[in-house]
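# Structural description and commentary
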Amino acid sequence: MRRTLALTAIAASMALVSATSLAQARDQIRIVGSSTIFPLTTKVAEYFAKTTDAPAPVVESTGSGGGFKLFCGGIGEQYPDIVDSSRQITGSETAICAANSVNNISEIKIGYDGIVLLGSHNAPAMALSARQLFLALARTIPVKGASVPNPNEKWSDIDPSLPDLKIRVYGPPPTSGTRDLMGQLLLDKGCATFSDIASLESSDPDSFRLLCRTLREDGAYIQAGENDRLVISKLEKDPTSYGVMGFNNLDRNRDRLQGIPIDGIEPDYDTILDGSYSGSRPLYLYIKDDHQQLVQSLGDFVSTYVSDAVIGDEGLLADNGLVPLTADERKETHAQAAKFAGN
């Protein structure tokens, strides 16, 4: 009996020490995730440090998928507190989180962005359909009822009205949410214009996604990592190339870049917000609720991020390419973030 009581006391003491360590582990918030949202979250981190006594959060560009991998690794000071993501968390990522005791996660929508094809101002202007984009970037395409390696070397091979230039598109790697949604929002749409493939979407969705979203590896599509500034530099140095990036990169660099219309719709604030531009997408924060004990300033940072001063119509991020939420959506976001207030 005495041994049991002693062991119980030791366990309680260890739990208290663990809780105390957790509560005092870090003074800086750690954020990982989307390369698209990275410059936006960096702005918020700088603003937060200027308007509070807290240190600026550490923000890393890992891609949405890479961010969730780190975020879902566990609870404790070595794991990130927030993922900023250009897509929603997947079921498999939620399962990995749960397996590592990351169970209390808050999803907060912060605004909208769009997946756009960009060129420098010196690049030939063109307008594409989703079908033409698929025919440019897919590893295999349908020809006379068979799936064959993509033979299109130039844009003009797809349609004589397009530039007589070699297809060279810089784009995100598989860890990127932009890459995921480029497939879902743009390539799937173009792929489905072929009736023999479209029938697979309901009968064999895995085969449909594999056919539609597997990209070329012959130099026409070039994985450019998670550094958007580097891609913009490459586009300026090579005006015959294009890049797949987030809309905020276009909005912040309109003196250097041009957006390519898709299916006759220009990527801009209005078409992204109303969804008429097919590459529009919401952006999210995922917060590890249990880390409010770990980092004292976590709640204040979340409250700052969702404030009208940051994500409102005239907020900090609206000046940096974020398409703001509607008034009703912003009320919902404020309600979701309210549990962090004062923590």
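See above for the structure.
Here we summarise the structure given alongside this text. (Residues numbered from 1 in each chain as written. Predicted model: local features only at pLDDT ≥ 70, side-chain atom pairs only at ≥ 80, totals over all residues. Heavy atoms only, no water.)

### Comments concerning the overall build of the chain
- Of the regular secondary structure elements, the chain holds 16 helices and 11 strands.
- With the C-alpha coordinates aligned to their principal axes, the bounding extent of the chain is approximately 85 × 45 × 35 Å.
- Taken across its 343 residues, the chain has 49% of its residues classed as buried.
- Here the chain has roughly 15,500 Å² of accessible surface; of this, 52% comes from carbon and sulfur atoms. (Helix = DSSP H or I, 4+ residues; strand = E, 2+ residues; numbered from the N terminus. Buried < 20%, exposed > 50% of the residue type's maximum accessible area, 1.4 Å probe, protein only. Areas by Shrake-Rupley, 256 points an atom, 1.4 Å probe, with all protein chains shown as cover.)

### Comments concerning the pairing of strand β1 (residues 30-33)
- Where β1 meets strand β2 (residues 58-59), two bridges bridge the pair, whose relative direction is parallel. Across the sheet, I31 pairs through a bridge with V59, a residue of β2.
- Crossover handedness for the path β1 to helix α2 (residues 38-51) to β2: right-handed.
- Across three bridges, β1 lies against strand β3 (residues 82-85) in parallel orientation. Within β3, the residue paired with V32 across the bridge is V83. (Pairing = 2+ DSSP bridges. Right-handed = clockwise from strand over helix to strand, strands pointing away.)

### Observations concerning the packing of α2 against helix α14 (residues 298-305)
- The contact between α2 and α14 brings their axes to 10 Å, and the two run at 115°. In this structure, the crossing between α2 and α14 has a hand that is right-handed. In contact with L40, T41, V44, A45, Y47 and F48 of α2, α14 contributes D300, F301, T304 and Y305.
- Classifying every residue of the contact of α2 with α14 by side-chain character gives seven nonpolar, two polar and one charged. (Axes fitted to C-alpha atoms, helices over the stretch in contact; angles between N-to-C directions. Left-handed = near helix turned anticlockwise from the far one by under 90°. Contact = heavy atoms within 4.5 Å. Nonpolar A, V, L, I, M, F, W, Y, C, P; charged D, E, K, R; others polar.)

### Quick word on the pattern of salt bridges
- Considering all chains together, one arrives at 17 salt bridges under this definition.
- Salt-bridge contacts for R213 lead to D188; the nearest nitrogen and oxygen are separated by 2.6 Å. Here D188 lies in helix α7 (residues 177-191) and R213 lies in helix α10 (residues 205-213), a separation of 25 residues in the sequence.
- Residue classification places R213 among the partly exposed residues on the basis of a relative accessible area of 29%.
- Judged by its relative accessible area of 8%, D188 falls in the buried class.
- Among the salt bridges present, the one from D308 reaches R330, with a minimum N-O distance of 3.3 Å. Of this pair, D308 sits in helix α15 (residues 308-311) while R330 sits in helix α16 (residues 327-337); the two residues are 22 residues apart in sequence, bridging distant segments of the chain.
- Overall, D308 belongs to the partly exposed group, its relative accessible area being 47%.
- Given a relative accessible area of 10%, R330 falls into the buried group. (Salt bridge = Lys/Arg side-chain N within 4 Å of Asp/Glu carboxyl O.)

All quantities given are derived from atomic positions and should not be read as evidence of function.
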